[in-house]
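Structure at a glance
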Amino acid sequence: MVDFQLDEMQEMLRELAHEFAVDEIRPNAEHWDMNSEYPLATIKAAHEMGLLNLHIGEEYGGPGLGSMEEVLVNEELGWGDPGFATAAYATSLACAPLITGGTHEQKDKYLRMVAENGALASYGVTEPGAGSDVAACKTTAIRDGDDYIINGSKMFITGAGHADWFFILAKTDPDAGYKGMSGFIVDADSPGLTLGKKESNMGQRCSDTRSLNFDDMRVSAENLCGGSESGGWMNAMKAFDMSRPNIAAHATGLARAAFEHSLQYSNERQTFGKPLHRHQAIQFMLADMKTKIEASRMLTWKSACEADAGIQNTESAAHAKRFAADTAMEVSTDAVQVYGGYGYSEEYPVARLMRGAKVMQIYEGSSQVQRMIIGREITKGL
Ligand SMILES: Cc1cc2nc3c(=O)[nH]c(=O)nc-3n(C[C@H](O)[C@H](O)[C@H](O)COP(=O)(O)OP(=O)(O)OC[C@H]3O[C@@H](n4cnc5c(N)ncnc54)[C@H](O)[C@@H]3O)c2cc1C
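It should be emphasised that the depicted structure is a prediction, and the values quoted were computed from it without experimental measurement.

With respect to the overall build of the chain
Scanning the chain from N- to C-terminus turns up 10 helices and 10 strands. Pairs at least 24 apart in sequence give 75% of the contacts found in the chain among residues at least 6 apart.

Describing the site of the ligand
Inspection of the region around the ligand gives 19 residues, with Thr126, Gly131, Ser132, Thr158 and Ser366 positioned closest. Put simply, the parts of the chain that give the shell around the ligand at least two residues each are strand S1 (121-124), strand S3 (147-158) and helix H10 (367-378). Of the residues that constitute the shell around the ligand, the class distribution is 9 nonpolar, 10 polar and no charged. When residues of the shell around the ligand are assigned to domains, at least three map to each of domain 2 (122-233) and domain 3 (240-378).

Regarding the pairing of strand S4 (residues 165-171)
Here S4 lies mainly inside the structure; 7 of its 7 residues are buried. Neither face of S4 is left uncovered, since the one carrying Trp165, Phe167, Leu169 and Lys171 and the one carrying Phe166, Ile168 and Ala170 both have all their residues buried. Summarising the sheet, S1 and S4 pair through 4 bridges and their orientation is parallel. Bridge pairing in S4 places tyrosine 123 opposite phenylalanine 167. The pairing of S4 with strand S5 (residues 181-187) spans 7 bridges and is classified as antiparallel. Bridged to lysine 171 within S5 is methionine 181.

Observations regarding the nonpolar core
Core analysis: the largest hydrophobic core is formed by 110 residues, its most contacted members being Phe184 and Ala328. Ranked by residues supplied to this core, first place goes to helix H6 (residues 232-268) with 15 residues.

Points about helix H3 (residues 67-80)
Residues lying three or four places apart along an α-helix face the same way, a consequence of the helix completing one turn every 3.6 residues. Relative to the 20 Å expected for 14 residues at 1.5 Å per residue, H3 spans 20 Å between its end C-alpha atoms, a close match to the ideal helical length. Most of H3 is tucked away: 14 of the 14 residues are buried.

A short note on the domain arrangement of the chain
It is common to give the size of an interface as the accessible area lost on bringing the parts into contact. By domain assignment, the chain separates into domain 1 (8-120), domain 2 (122-233) and domain 3 (240-378). Look at where the C-alpha atoms of domain 1 and domain 2 centre, and you get two points 22 Å apart. Counting residues at the interface gives 25 residues for domain 1 and 22 residues for domain 2. Put simply, the parts of the chain that give the side of domain 1 that touches domain 2 at least two residues each are helix H1 (8-35), helix H4 (82-101) and helix H5 (104-117). Among the elements that make up the side of domain 1 that touches domain 2, the one with the highest residue count is H4 (12 residues). Tallied by class, residues from the side of domain 1 that touches domain 2 come to 16 nonpolar, 7 polar and 2 charged.

Observations concerning the packing of H3 against helix H7 (residues 280-308)
The interhelical angle for the contact between H3 and H7, taken along N-to-C directions, is 150°, at an axis separation of 7 Å. On the basis of their axis angle, the class for H3 and H7 is roughly antiparallel. On the side of H3, the interface is formed by Ser67, Met68 and Val71, while H7 contributes Thr300, Trp301, Ala304, Cys305, Ala307 and Asp308. Residue composition of the contact of H3 with H7, by class: 6 nonpolar, 2 polar and 1 charged.

Reading the values: rules and limits
- Residues numbered from 1 in each chain as written.
- Predicted model: local features only at pLDDT ≥ 70, side-chain atom pairs only at ≥ 80, totals over all residues.
- Helix = DSSP H or I, 4+ residues; strand = E, 2+ residues; numbered from the N terminus.
- Contact = placed C-beta atoms within 7 Å.
- Near = placed C-beta within 6 Å.
- Nonpolar A, V, L, I, M, F, W, Y, C, P; charged D, E, K, R; others polar.
- Domains from an automatic or database assignment.
- Buried ≥ 20, exposed ≤ 12 C-beta atoms within 10 Å, placed from the backbone.
- Pairing = 2+ DSSP bridges.
- Core = buried A, V, L, I, M, F, W, Y, C linked by C-beta atoms within 7 Å.
- Expected span 1.5 Å × (residues − 1).
- Axes fitted to C-alpha atoms, helices over the stretch in contact; angles between N-to-C directions.
- Parallel < 35°, antiparallel > 145°, perpendicular 65-115°, else oblique.

In structure tokens form, the structure reads like this:
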């Protein structure tokens with residue numbers, strides 16, 4: 001039997017995350033966005049409340065919860081503010097390749113640092129010339145005794161300005177395509193590593209996005225992550241099966257927030273002698289918003305449940321991420337329409353939500369890349 005009932009612990013966790021969003025995120029979201037202010041204190045507070053990095057195992061100081069618990073929390077954080085959700089989630093994405101492909105020593109040092117001390121981390125894969133096409137990466141890692149020497153650069157790295165460590169991909173064999181890509185854990189204070197300035201983005205402006213530059217930066221061979229030099233790409237891609245349900249959850253939360261604002265506004269605003277929602281064109285728009293949100297949540301929960309059941313969720317995570325990100329964009333755009341001219345003003349929250357939705361169709365694999373993944377999965381073996 002499939003039942004959509006959450007257990008008592010899941011309900012409590014969801015409620016805790018919702019209250020945190022109401023009390024700590026929503027009152028500050030506009031200020032953070034308008035001032036491009038990174039919400040460091042609130043990320044630390046979320047960590048203290050036990051709302052972040054839920055997938056780190058108990059043996060490394062974490063709560064060892066499942067994907068289902070994570071998506072429940074992340075929908076609420078996305079509902080609170082998408083920029084906060086992205087900023088707070090960056091560390092989980094960086095931890096994912098360590099969870100799937102790290103050694104015991106790496107996990108004991110770097111995952112424990114996150115779980116017990118609230119350390120922050122970033123996932124550095126994208127480069128100026130390699131976004132969707134990750135294998136086009138040009139950063140190199142050349143073995144030198146017990147170290148590798150890294151040269152190159154990364155682009156658009158979330159949380160970089162506050163990270164204590166990074167997971168990065170670099171080529172140890174530039175002629176071997178994706179099989180020549182290796183994963184490394186890099187301490188933020190490594191000599192030879194410098195950061196670019198915080199990018200000025202369209203939305204989610206509180207999140208910190210920067211470039212990384214490696215100039216003969218040394219990293220110990222002990223920090224090679226992914227089993228072997230040739231295991232980096234596969235391990236970095238597997239991280240997305242873990243993270244994409246959570247990005248889908250952020251997007252579902254954003255869409256839910258835009259819908260709730262619209263519903264309330266449609267009851268307050270009168271045109272032609274009746275509330276907006278009594279005009280069928282608006283009511284149908286609200287109905288379509290709600291259907292898409294429900295569908296986003298179900299796809300998200302399915303991909304999380306598959307992960308928890310040990311079923312490979314590459315396809316379901318791509319469905320969830322693609323559909324929920326597109327839903328966040330469509331629903332927040334419709335929300336601006338429901339608000340009319342007021343929706344276009346930054347005085348009301350829906351403009352910020354619409355700006356914040358766009359990047360969800362771009363990062364963690366764009367909507368086109370999700371379709372490529374789904375296409376590859378459904379045509380396997382034909
Ligand atoms: C705010 C923000 C935060 C980010 N955070 C991180 C991070 O923490 N770590 C990290 O490593 N990266 C991060 N990224 C990078 C992000 O993952 C990339 O921007 C994304 O993968 C797209 O790559 P690109 O920008 O190079 O676009 P391109 O790959 O150049 O693509 C341009 C357009 O073409 C489409 N396209 C590309 N190839 C195809 C194809 N074969 N078929 C059809 N369409 C195609 C894409 O969907 C896109 O619409 C972030 C980006 C942003 C904007």
